[in-house]
Amino acid sequence: MAFEATETVSTSIESLPNPVEGNQYHKDIVNAWKLVHDDQYSKAFAIADEMTSKIEESFNKKVKQYAFKTEAEFEEFIASDKKTVQRIDWYYTEALRIKAYIYSSNRYFEMALAELNKIDSIAPISAGAKIEKGYIFRSIE
């Protein structure tokens with residue numbers, strides 16, 4: 001049986017940005033990734049650098065910051081750690097990944113690793129940072 005139309009179904013982990021620090025910069029960071037894909041690295045880096053700086057200005061220096069994609073992941077994580085923490089929007093880690101990717105693409109591996117280490121400290125379950133580190137370590141060999 002042939003169909004005359006197609007149907008597309010899209011599922012999102014979270015349909016709306018979380019009301020956490022940095023969520024107002026989603027569009028800017030998505031735009032920076034688009035610039036990366038268009039090989040406009042200097043523009044993408046400038047946006048990512050500006051967004052990370054703006055988000056870091058909102059950090060509460062008295063507590064540890066963490067970034068998670070979903071509220072459920074965050075709640076599960078803090079349930080095991082009774083400390084007060086500040087949740088930062090996941091897009092902060094994306095901005096750091098943009099910077100790391102651009103550094104890595106230009107073979108500034110130490111600078112890329114510094115950005116990826118920031119991700120590891122704030123987003124302990126980020127697979128993307130670990131994958132990028134693996135690429136860098138293989139490239140250095």
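Described below are features of the structure shown in this document. (Residues numbered from 1 in each chain as written. Predicted model: local features only at pLDDT ≥ 70, side-chain atom pairs only at ≥ 80, totals over all residues. Heavy atoms only, no water.)

Comments concerning the overall build of the chain
Then, in step 1: A tally of helices and strands in the chain yields 6 helices and 2 strands.
Then, in step 2: For the chain, the α and β elements follow one another from N to C terminus as α-α-β-α-β-α-α-α.
Then, in step 3: For the chain, the residues scored as buried account for 39% of the 141 residues in total.
Then, in step 4: Across the chain, contacts joining residues at least 24 apart in sequence account for 59% of those joining residues at least 6 apart.
Then, in step 5: Carbon together with sulfur atoms contributes 52% to the accessible area of the chain, which is approximately 9,200 Å² in total. (Helix = DSSP H or I, 4+ residues; strand = E, 2+ residues; numbered from the N terminus. Buried < 20%, exposed > 50% of the residue type's maximum accessible area, 1.4 Å probe, protein only. Contact = heavy atoms within 4.5 Å. Areas by Shrake-Rupley, 256 points an atom, 1.4 Å probe, with all protein chains shown as cover.)

Quick notes on helix H5 (residues 109–122)
Then, in step 1: Taking 1.5 Å per residue as the helical rise, H5 with its 14 residues ought to reach 20 Å, and the 20 Å between its terminal C-alpha atoms agrees with that figure.
Then, in step 2: Burial in H5 covers these residues: Phe-109, Ala-112, Leu-113, Glu-115, Leu-116, Ile-119 and Ile-122.
Then, in step 3: Each element contacted by the buried residues of H5 is listed here: strand E1 (64–67), strand E2 (85–88), helix H4 (91–105) and helix H6 (127–140). (Expected span 1.5 Å × (residues − 1).)

Details of the environment of Glu-56
Then, in step 1: Inspection of the secondary structure assignment puts Glu-56 in helix H2 (residues 41–57).
Then, in step 2: According to the relative accessible area criterion, Glu-56 is partly exposed, its value standing at 26%.
Then, in step 3: As for Glu-56 and Tyr-92, which are separated by 36 residues in sequence, their C-alpha atoms are 8.8 Å apart.
Then, in step 4: Every residue in contact with Glu-56, bar those within four places of it in the chain, is listed here: Lys-61, Tyr-92 and Lys-118.

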